[in-house]
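The lines below spell out each chain.
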Amino acid sequence: MDETISSETRFLHAVEFGLGAWQWGDRLIWQYGQSYDEDDCRAAFEGSLAAGIRFVDTAEVYGSGRSERLLGQFLKETDQPVLVATKYFPFPWRLTKKSLIKALKGSLERIGVEAVDLYQIHQPYSLLSIESLMEAMAEAVEEGLTRTVGVSNFNQTQMLRAYSALARKNVPLASNQLTYSLLNRGIEKDGLMARCKELGIRVIAYSPIEKGLLTGKYYVENPPPGIRGRRYADLLPKIVPLLKLMTEIGQEHGGKSKTQVALNWCICKGTLPIPGAKNAAQAEENAGALGWHLTEEEVEKLDRASAAIVK
Ligand SMILES: NC(=O)c1ccc[n+]([C@@H]2O[C@H](COP(=O)([O-])OP(=O)(O)OC[C@H]3O[C@@H](n4cnc5c(N)ncnc54)[C@H](OP(=O)(O)O)[C@@H]3O)[C@@H](O)[C@H]2O)c1
């Protein structure tokens, strides 16, 4: 048993995989309402549950509350237990500690639960200090509104401030939700991932298939729509050798897809990936990352191929 992990947060280390719900209701990046709708999101949720996935990540800002509302609706329609994580956004007009408890109560109402399993600070930039935010988080735990506390997009310094402030209240820091994929390994390079491991903080990997890029369905002649297309224009031509290797490795494992290889790599690195899914087919394919493991040699090969793309 890993002694660095506190008993309150141990359940999160047992969760191997999750489902991201930013897609549910978001029109700006994900075009909710155009290529997919509520029924597709429900099918993504149900498909994930059927595959044994029991952890859903949402946020109050996703679809301006729609993601939380949809999750609430889907939870009512199932009798399966589901672990729920949501996030507080430190808007500049949120100037007091009370605003966190108020926001959390709003999330609980939309999700239709009495408490969430993980409440995270969405990003570190706030007019309130990290210490004040953590004091409010400790109150939320005390009031039974959240089981555990997490942060997101916090660098080492910010995370250590959060960790220490919570420790003064006897609350462990459960997680840091960070961008991590074969195309984005900053947290390995800057030591944040190692520091999380050392302190028993679960790394929740967001954008684990780099917003669709690692599925292999996008290429120079077929870029992703909207903002993503512009953001990834330079990267698309460079990822071809990595995608080829991912195909080869997938074949070695009985025909696993590139998406499944990308997600399995995140698991092999000790993180909890939460790919977003717009429909049942995506959710089911993503869940196929479970139940098998890349070999150490394959992980090393993938590491080298990814390092050749993103320095
Ligand atoms: N804390 C934060 O700041 C933060 C930031 C970002 C995300 N997140 C969380 O992390 C979750 C995942 O990250 P993400 O949504 O940015 O990126 P992602 O999981 O890397 O990519 C999701 C997108 O990839 C495509 N896709 C997913 N599965 C697929 C499959 N099997 N086959 C083909 N295409 C597939 C879909 O888009 P298309 O079909 O349109 O290509 C989907 O919307 C989010 O839902 C959210 O919960 C957190």
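Description of the structure in this document. The shown structure was predicted, so the numbers you read here are calculated from the model rather than taken from an experiment.

Re the overall build of the protein
Piece 1. What the protein contains, in helices and strands, is 13 helices and eight strands.
Piece 2. Since a compact globule built from 311 residues should have a radius of gyration of about 19 Å, the 19 Å found for the protein is in line with a globular shape.
Piece 3. Reported as C-alpha extents along the three principal axes, the dimensions of the protein are approximately 50 × 40 × 35 Å.
Piece 4. Here the protein holds 311 residues, and 54% of them are scored as buried.
Piece 5. When the accessible area of the protein is evaluated, it comes to approximately 13700 Å², of which 51% is carbon and sulfur surface.
Piece 6. Here the protein contributes 37 positive and 38 negative side-chain charges, whose respective centroids are spaced 5 Å apart.

Thoughts on the site of the ligand
Piece 1. The immediate surroundings of the ligand are formed by 31 residues, with Q23, D57, Y218, R228 and K278 found nearest.
Piece 2. D57 places a side-chain nitrogen or oxygen 2.7 Å from an oxygen atom of the ligand.
Piece 3. Q177 has a polar side-chain atom sitting 3.1 Å from a nitrogen atom of the ligand.
Piece 4. Burial of the ligand by the protein chains amounts to 94% of its free accessible area of 890 Å².
Piece 5. The leading source of residues in the shell around the ligand is helix α12 (residues 280–287), at three residues.
Piece 6. Looking at the shell around the ligand residue by residue, the class counts come to ten nonpolar, 13 polar and eight charged.

As for the pattern of salt bridges
Piece 1. Applying the stated criterion across every chain yields a total of 16 salt bridges.
Piece 2. Where E248 meets K244, a salt bridge forms, and the shortest distance between an N and an O atom there is 3.2 Å. Linking E248 with K244, this pair stays in helix α10 (residues 240–252), spanning four residues, or about one helical turn.
Piece 3. Judged by relative accessible area, which is 55%, K244 ranks as exposed.
Piece 4. Note that K269 is salt-bridged to D303, the shortest N-O span being 2.8 Å.

As for the packing of aromatic side chains
Piece 1. Counted under the stated rule, the structure contains nine aromatic pairs.
Piece 2. Ring centres 4.8 Å apart and planes at 45° place the aromatic pair F89 and F91 in the tilted group.
Piece 3. Measuring from centroid to centroid gives 5.1 Å for Y180 and W265, while their planes differ by 25°, and the two rings are stacked. You can see Y180 sitting in the loop between β6 (173–179) and α7 (186–189) and its partner W265 sitting in helix α11 (residues 258–268), a full 85 residues away along the chain.
Piece 4. An aromatic cluster is present here, built from W22, W30 and Y62 joined pairwise through their rings.

A word on α12
Piece 1. Residues of α12 that are buried include every one of A283, N286 and A287, and no others. Each buried residue of α12 sits inside an arc of 100° when the element is viewed along its axis, so together they form one side.
Piece 2. Taken together, the buried residues of α12 touch α2 (38–50) and α11.
Piece 3. N-capping of α12 is provided by N279, with a side-chain oxygen placed 3.3 Å from the backbone N of A281.

Re the packing of α2 against helix α3 (residues 66–76)
Piece 1. Between α2 and α3, the least distance of the axes is 10 Å, while the angle of their chain directions is 55°. The pairing of α2 with α3 is recorded here as oblique in orientation. α3 is crossed by α2, and the crossing has right-handed handedness. The residues of α3 that touch α2, namely those facing E38, C41, R42 and F45, are L70, L71, Q73, F74 and L75.
Piece 2. Taken together, the residues that form the contact of α2 with α3 break down as six nonpolar, one polar and two charged.

Thoughts on the packing of helix α4 (residues 98–111) against helix α5 (residues 130–142)
Piece 1. Contact pair α4 / α5: the axes reach a minimum separation of 8 Å and the direction vectors enclose 45°. Classed by the angle they form, the pair α4 and α5 counts as oblique. For the pair α4 and α5, the sense of crossing is right-handed. Across from L100, I101 and L104 in α4, the residues of α5 making contact are L133, A136, M137, E139 and A140.
Piece 2. Its residues assigned to classes, the contact of α4 with α5 comprises seven nonpolar, no polar and one charged.

Details of the sheet that holds strand β8 (residues 272–273)
Piece 1. Pairing is parallel across the open sheet formed by eight strands, whose spatial order is β1-β2-β3-β4-β5-β6-β7-β8. Of all strands in the sheet, those with a lone pairing partner are β1 (19–20) and β8, marking the two edges.
Piece 2. Across four bridges, strand β3 (residues 83–88) lies against strand β4 (residues 116–121) in parallel orientation. Bridged to Y88 within β4 is I121.

Definitions and limits used
- Residues numbered from 1 in each chain as written.
- Predicted model: local features only at pLDDT ≥ 70, side-chain atom pairs only at ≥ 80, totals over all residues.
- Heavy atoms only, no water.
- Helix = DSSP H or I, 4+ residues; strand = E, 2+ residues; numbered from the N terminus.
- Rg over C-alpha atoms; globule rule 2.2 N^0.38 Å.
- Buried < 20%, exposed > 50% of the residue type's maximum accessible area, 1.4 Å probe, protein only.
- Areas by Shrake-Rupley, 256 points an atom, 1.4 Å probe, with all protein chains shown as cover.
- Lys, Arg positive; Asp, Glu negative; His and termini not counted.
- Charge placed at Lys NZ, Arg CZ, Asp CG, Glu CD.
- Near = heavy atom within 4 Å.
- Polar contact = N/O pair within 3.5 Å; in protein donor to acceptor, adjacent residues only side chain to side chain.
- Nonpolar A, V, L, I, M, F, W, Y, C, P; charged D, E, K, R; others polar.
- Salt bridge = Lys/Arg side-chain N within 4 Å of Asp/Glu carboxyl O.
- Phe/Tyr/Trp six-rings, centres within 6.5 Å; stacked < 30°, edge-to-face > 60°.
- Arc of directions from axis to C-beta.
- Contact = heavy atoms within 4.5 Å.
- Axes fitted to C-alpha atoms, helices over the stretch in contact; angles between N-to-C directions.
- Parallel < 35°, antiparallel > 145°, perpendicular 65-115°, else oblique.
- Left-handed = near helix turned anticlockwise from the far one by under 90°.
- Pairing = 2+ DSSP bridges.

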